[in-house]
Amino acid sequence: TMTDHSSAQLLELIQSLENVSMQLNEVLKKEHETLSLNDSQQLLELSKTKKAFVSKLESQTKVVHLYLKNIKIENGLYGFTAFLSEQKPSDVSTLLETSWQNIQSLAEDNKTLNHSNGAMIELNRRHVQRSLEVLRGQVGKETSTYGADGQTMTSKISRNISTV
């Protein structure tokens, strides 16, 4: 059973996790809009912000997980839903449930947004690579461009274009 102190502490931790999840969601939505506008400077800044929130979310998740294990909630975060369903209704348990449901739906939304943004980035990368090959007149030869991590990427394109 939870004491008033531990339930207040738990609520604070869960709401903090929810807050970081919402902040990451905002950044991912901004990143999605910015990808549509092709604003590379803004994308660079958003990428740094996103990394910071992902890191913050990871550490906050670990804190909550360990706290839950310390107050004898089996499996920590993985057992949290079951734990909540066993609590007798109270203001705190209602707030915990609401925040927890919100965290779960934000996690799904963030995962979807991040996947979609990644696909857009990959599409843009391919378009840039293709454009560079065409501009260099290297279509039909082996070409090298730099990938996202700075690694050299080689590709072979078999279509020729006519030069005017």
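This text follows the structure it describes.
Residues numbered from 1 in each chain as written. Predicted model: local features only at pLDDT ≥ 70, side-chain atom pairs only at ≥ 80, totals over all residues. Heavy atoms only, no water.

1. Examining unusual backbone geometry
Negative phi is the rule for most residues except glycine; trans is the rule for most peptide bonds. One non-glycine residue, lysine 72, lies in the positive phi region at around 65 degrees. On the secondary structure map, lysine 72 appears in the loop between α2 (40-70) and α3 (80-86). With a phi angle near 65 degrees, asparagine 75 is a residue other than glycine that sits in the positive phi range. Residue classification places asparagine 75 among the partly exposed residues on the basis of a relative accessible area of 46%. (Helix = DSSP H or I, 4+ residues; strand = E, 2+ residues; numbered from the N terminus. Buried < 20%, exposed > 50% of the residue type's maximum accessible area, 1.4 Å probe, protein only.)

2. So, the side chain of serine 21
Looking at the secondary structure, you find serine 21 in helix α1 (residues 4-37). At 2.9 Å, the side chain of serine 21 forms a polar contact with the backbone oxygen of leucine 17. Contacts of serine 21, omitting those with residues within four sequence positions, involve Leu57, Ile103, Leu106 and Asn110. (Polar contact = N/O pair within 3.5 Å; in protein donor to acceptor, adjacent residues only side chain to side chain. Contact = heavy atoms within 4.5 Å.)

3. Some points on helix α4 (residues 91-135)
Each full turn of the α-helix corresponds to 3.6 residues, which orients residues three or four apart in the same direction. Across its 45 residues, α4 extends 64 Å between first and last C-alpha, which sits within 8% of the 66 Å expected from 1.5 Å per residue. Buried residues of α4: Ser93, Leu96, Ser99, Trp100, Ile103, Leu106, Asn110, Leu113, Asn117, Gln129 and Glu133, and no others. Glycine 137 sits one or two residues past α4 and shows a positive phi near 65 degrees. (Expected span 1.5 Å × (residues − 1).)

4. Quick look at α1
For α1, built from 34 residues, the straight-helix expectation of 50 Å at 1.5 Å per residue is met to within 8% by its first-to-last C-alpha distance of 50 Å. Positive backbone phi, at 60 degrees, marks asparagine 38, one or two positions downstream of α1.

5. A look at the pattern of salt bridges
Within this structure, the stated rule accounts for three salt bridges. A salt bridge links glutamate 122 to arginine 125, with the nearest nitrogen and oxygen atoms 2.7 Å apart. Pair noted here: glutamate 122 and arginine 125 are both in helix α4, with a separation of three residues, about one helical turn. The partly exposed category is assigned to arginine 125, whose relative accessible area is 23%. (Salt bridge = Lys/Arg side-chain N within 4 Å of Asp/Glu carboxyl O.)

6. Concerning the nonpolar core
Counting 24 residues, the largest nonpolar core has Leu10, Ile14, Val64, Leu68, Phe80 and Leu96 as its most contacted members. Mapped by element, the contributors of at least two residues to this core are α1, α2, α3 and α4. Ranked by the residues each element gives to this core, the list is headed by α1, at nine residues. When neighbours within four sequence positions are excluded, isoleucine 14 is seen to be in contact with Val64, Phe80, Leu96, Ser99, Trp100 and Ile103. (Core = buried A, V, L, I, M, F, W, Y, C linked by side-chain atoms within 4.5 Å.)

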